[in-house]
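Structural description and commentary
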Amino acid sequence: MSRWHRLFDSNERLFWVLHCAGWTGFAIVYYIGSFLHDVRPIWMFVILLNAYAGWLLTIPLRYIFRWARKQSPIQMILIVILSCYLIALIWAVVKNVNYWEIYKHGYRPEEWYMYFTNTINSLIMIGCWSGVYFGIKNFQMLQKEKQNALKATTMAHQAHIKMLRYQLNPHFLFNTLNAISTLILLKENDSAETMVSRLSDFLRYSLDNDPIKRVPLGQEIKALRLYLEIEKVRFDDRLDVGWDIESNCEAALVPSMILQPIIENAIKHAISRMEEGGRIDITARSFGNDLLMDVADNGPGADIQNGQLTRENGVGLANIRDRLQSLYQRNFAFSIEHNKPKGVRVRIRIPYEVNDV
């Protein structure tokens, strides 16, 4: 935090700094204005006394105004006007006493009401002080409301991202447990045990990562390899995976579990439908300030229109688009297209970002 931020991080400190600065400025302006008149040097002392009196008398106004702000609008206005007038009246008397007792060497006016002359000028000055006080207070209140609204928006945004992220866990878990159940029914107990162990490791990784924070792509790939090992228990040699990850991309930050639903979708709609199995190719490369990631399969393909699948009721791919939208607003691309010579290719473009060292 900078020195100026530390100076103004407290309302108490801010008040005293501005209060002293304001009355110091008043004394300086008052002194400069005296150059227009032929005054004796003692006038400087009178100016200092008047500024100090103003400084001292306006301190109670702070507490009066603080109490007045809790009242109804009509009551607050009446309290502010009356208190300002009363303080201005007292200050006018003090200034007149200083002028006559010090500058005029003990001069006494003929009428008592002469002590209240120039009350209007004092009232204008006190009114300016009050206006600045309420202006700063209202500004602080608006800033606080703005911060609260921003905080609420941020919390809602983070909750939305968490909801989207955790939505994948039961979806994936259902599919995997269904596969384990099938292995048990087929009495392939060793394969089922291996799959449960790897599922445990994968879910531990999934739950340990904060959905709000992004993770390095290298860490995400380790989790994907773990997930694919689970699937290999089901498909054995029918599942072939190709990796083409540029070395500089492993440090790039990506949303956690962003590729797993795409791979799961490829296994469900491509690999599982091919008698001899198939292949999934996962690539990542950097291009300028972007990170490009592709997941392609050589399955039977799908109906694609305008870069999106036509089938309905899908959770994984729609979830990915919503997460990317929440995290990157418009600075991303997500498209689905036909793979050549056959299959489906999913492309993702996000900003290339790394952790600051």
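Here we summarise the structure given alongside this text.

Moving on: the environment of R214. With respect to the element layout, R214 can be found in strand β1 (residues 214-216). Distance from R214 to V254, taken between C-alpha atoms, is 5.2 Å for residues 40 residues apart in sequence. Dropping the residues within four chain positions of it, R214 is found in contact with L253, V254, P255, Y328 and E353. A polar contact of 3.5 Å, which involves the side chain of R214, links it to the side chain of Y328. Within the structure, R214 has its side chain in polar contact with the side chain of E353 (distance 2.6 Å).

For the rest of this paragraph, the subject is the packing of helix α3 (residues 42-57) against helix α4 (residues 59-68). Packing of α3 against α4 brings their axes to within 4 Å, and their N-to-C directions diverge by 25°. By the criterion of interaxial angle, the relationship of α3 to α4 is roughly parallel. For the pair α3 and α4, the contacting residues are W55, L56 and L57 in the first and I59, P60 and L61 in the second. Here the residues of the contact of α3 with α4 sort into six nonpolar, no polar and no charged.

We now examine the pairing of strand β9 (residues 344-351). Examined bridge by bridge, strand β5 (residues 290-297) and β9 share seven bridges and lie antiparallel to one another. The partner of L291 across the bridge, within β9, is I350. The sheet contact formed by strand β8 (residues 333-338) and β9 spans six bridges and is antiparallel. Bridging from a neighbouring strand, I336 pairs with V346 of β9.

The rules we used
Residues numbered from 1 in each chain as written. Predicted model: local features only at pLDDT ≥ 70, side-chain atom pairs only at ≥ 80, totals over all residues. Heavy atoms only, no water. Helix = DSSP H or I, 4+ residues; strand = E, 2+ residues; numbered from the N terminus. Contact = heavy atoms within 4.5 Å. Polar contact = N/O pair within 3.5 Å; in protein donor to acceptor, adjacent residues only side chain to side chain. Axes fitted to C-alpha atoms, helices over the stretch in contact; angles between N-to-C directions. Parallel < 35°, antiparallel > 145°, perpendicular 65-115°, else oblique. Nonpolar A, V, L, I, M, F, W, Y, C, P; charged D, E, K, R; others polar. Pairing = 2+ DSSP bridges.

On their own, these measurements won't tell you what the molecule is for.
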